[in-house]
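Residues per chain are reported as follows:
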Amino acid sequence: MSVLEISGLHAEVAGTEILRGIDLTIASGEVHAVMGPNGAGKSTLSAVIMGRSGYTVTSGSITLDGVDLLALSTWERAVAGVHLIMQYPTEVPGVSLLDALGEALQYRGRDASDLADRLKAEADRIGFEHRFLDRPLNVDLSGGEKKRNETLQLAVLQPQFAILDELDSGLDIDALRDCSRRVEELSNDAKRPLGVLAITHYSRLLNELRPDHIHILVKGQIVNSGGPELAAVLERDGYAAFTDEDDEPAAGSATSSLDDLFRI
Ligand code: ADP
Ligand code: MG
């Protein structure tokens, strides 16, 4: 069993503190949802876990089975077993899915000889058309097809932990069901149960991807944690129940969030 542990994490972007003391421990097979309003710091959390440039950790730690992830470069964190599905997956012209995954498996010391067959089998499981398997990575795919493609990569790579930043954004209801079901299955895998950190604004993602724990992130801090019942409270009352009405509005807004940087 593996453990991803985030402890006392403070991080800033462009001189502004965005994450203000995050504690989160995820074990293999557990599904944790981090939910919060726009601008709460959700995408910042995913960026800091993966080591995206421009984000400065000012205190705290992130470890994977005791290994200091913050000391590793992004690709080393990925090889160590942490996989991010970004809110807006990047298109990579000139690089095929087969080549990218073949290299990734090789770096992990894993067999890639039957990769083409595995890709087809995975594609069938999540309704990803075979003709897209030969496309350069994510190029000219719709939002839903990109998320199916990213979910397929996750299933083939079998990392210890997956961070899903708004897996549900840009997805139609069928793609959302297929992708979240597959992630849920991976978390229940008897041999290699995936630990999941599902970052989302809406509780609809959680209908298929059933979280064991829900954390509410507001202004860079987890203000409440609980079981799946918290999603129902959010559905009913919104985030108002967890924010202090007298405060300033949450830092940033839908129009100034990191997510916009990924929009083309
Ligand atoms: P969420 O994903 O919860 O909507 P983000 O993590 O994208 O929130 O953003 C949290 C806050 O950090 C917002 O106020 C946003 O404007 C700010 N922020 C995030 N990334 C950057 C950046 N690269 N440069 C400047 N401000 C940023
Ligand atoms: Mg975001």
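Cut-offs used in this document
- Residues numbered from 1 in each chain as written.
- Chains lettered and ligands numbered in written order.
- Predicted model: local features only at pLDDT ≥ 70, side-chain atom pairs only at ≥ 80, totals over all residues.
- Heavy atoms only, no water.
- Buried < 20%, exposed > 50% of the residue type's maximum accessible area, 1.4 Å probe, protein only.
- Helix = DSSP H or I, 4+ residues; strand = E, 2+ residues; numbered from the N terminus.
- Salt bridge = Lys/Arg side-chain N within 4 Å of Asp/Glu carboxyl O.
- Pairing = 2+ DSSP bridges.
- Axes fitted to C-alpha atoms, helices over the stretch in contact; angles between N-to-C directions.
- Contact = heavy atoms within 4.5 Å.
- Core = buried A, V, L, I, M, F, W, Y, C linked by side-chain atoms within 4.5 Å.
- Phe/Tyr/Trp six-rings, centres within 6.5 Å; stacked < 30°, edge-to-face > 60°.
- pLDDT = per-residue confidence, 0-100.
- Patch = residues over 30% accessible without salt bridge, like charges linked within 9 Å, V, L, I, M, F, W, Y side chains within 5 Å.
- Areas by Shrake-Rupley, 256 points an atom, 1.4 Å probe, with all protein chains shown as cover.
- Parallel < 35°, antiparallel > 145°, perpendicular 65-115°, else oblique.
- Left-handed = near helix turned anticlockwise from the far one by under 90°.
- Nonpolar A, V, L, I, M, F, W, Y, C, P; charged D, E, K, R; others polar.

Moving on, we get to helix α1 (residues 42-50). Note that an α-helix has 3.6 residues per turn; residues three or four places apart therefore point the same way. Judged by how many residues are buried, α1 sits mostly within the fold: nine of nine residues are covered. Taken as a whole, α1 has its buried residues at Lys42, Ser43, Thr44, Leu45, Ser46, Ala47, Val48, Ile49 and Met50. Looking one or two residues beyond α1, the residue adopting positive phi is Gly51, at roughly 80°.

A separate point is the pattern of salt bridges. According to the stated counting rule, one finds 13 salt bridges in the structure shown. Residues Arg131 and Glu129 are paired through a salt bridge, measuring 2.6 Å at the closest nitrogen-oxygen approach. Given the relative accessible area of 53%, Arg131 is considered exposed. When its relative accessible area of 38% is taken as the criterion, Glu129 is described as partly exposed.

In this section: the sheet that holds strand β10 (residues 195-200). The strand order β6-β9-β10-β3-β11-β12 describes an open sheet built from six strands, whose pairing is mixed. Two strands lie at the open edges of the sheet, namely β6 (82-85) and β12 (221-226), each paired on one side alone. Each strand axis lies, on average, 20° off the axis of its neighbour in the sheet, ignoring direction. Pairing of strand β3 (residues 31-35) with β10, which is carried by five bridges, proceeds in the parallel orientation. Among the inter-strand pairings, Val31 is bridged to a residue of β10, identified as Val196. Contacting β3, β6, β9 (161-165), β10 and β11 (213-218), α1 crosses the sheet at an angle of about 145° to β10.

Residues Leu164, Ile214 and Ile216 are the most contacted members of the largest nonpolar core, which totals 29 residues. Looking at this core, the elements that each hand over two or more residues are β3, α5 (143-157), β9, α6 (173-187), β10, β11 and α7 (229-237). A per-element tally of this core places α6 first, with five residues. Setting aside anything within four residues of it in sequence, one finds Leu164 in contact with Ile85, Val183, Val196, Leu197, Ala198, Ile199 and Leu209.

Before going further, it helps to examine the packing of aromatic side chains. Evaluated as defined, the whole model comprises two aromatic pairs. Ring geometry for Phe128 against Phe132: centres 5.6 Å apart, planes inclined by 50°, an arrangement best described as tilted. For Phe132, a relative accessible area of 5% puts it in the buried group.

Turning next to the confidence of the model for the protein. Per-residue pLDDT for the protein has a mean of 90; in total, 92% of the residues score no lower than 70. A low-confidence stretch, residues 246-264 stays under pLDDT 50, and its non-local contacts, those more than four residues away or across chains, total 23 contacts.

Okay, the pairing of β10 next. In terms of burial, β10 is a largely internal element, six of the six residues being buried. Going residue by residue along β10, you find Gly195, Leu197 and Ile199 tucked away on one face and Val196, Ala198 and Thr200 tucked away on the opposite face as well. Note: β9 against β10, five bridges, orientation parallel. What sits directly across from Phe161, in β10, is Gly195.

Right, let's talk about a nonpolar patch on the surface for a bit. Taken together, the side chains of Trp75, Val79 and Tyr107 define a hydrophobic patch exposed on the protein surface, amounting to about 350 Å² of accessible area. One can find Tyr107 in helix α3 (residues 97-107). Residue class for Tyr107 comes out exposed when judged on its relative accessible area of 55%.

A few words now on the packing of α3 against helix α4 (residues 115-125). Two elements in contact, α3 and α4, have axes separated by 11 Å at closest approach and are oriented at 115°. Between α3 and α4, the angle falls in the class roughly perpendicular. Crossing angle aside, the handedness with which α3 passes α4 is right-handed. Taken together, the residues of α4 that come into contact with α3 (itself represented by Leu97, Leu98, Leu101, Gly102 and Leu105) are Leu115, Ala116, Arg118 and Leu119. Tallied by class, residues from the contact of α3 with α4 come to seven nonpolar, one polar and one charged.

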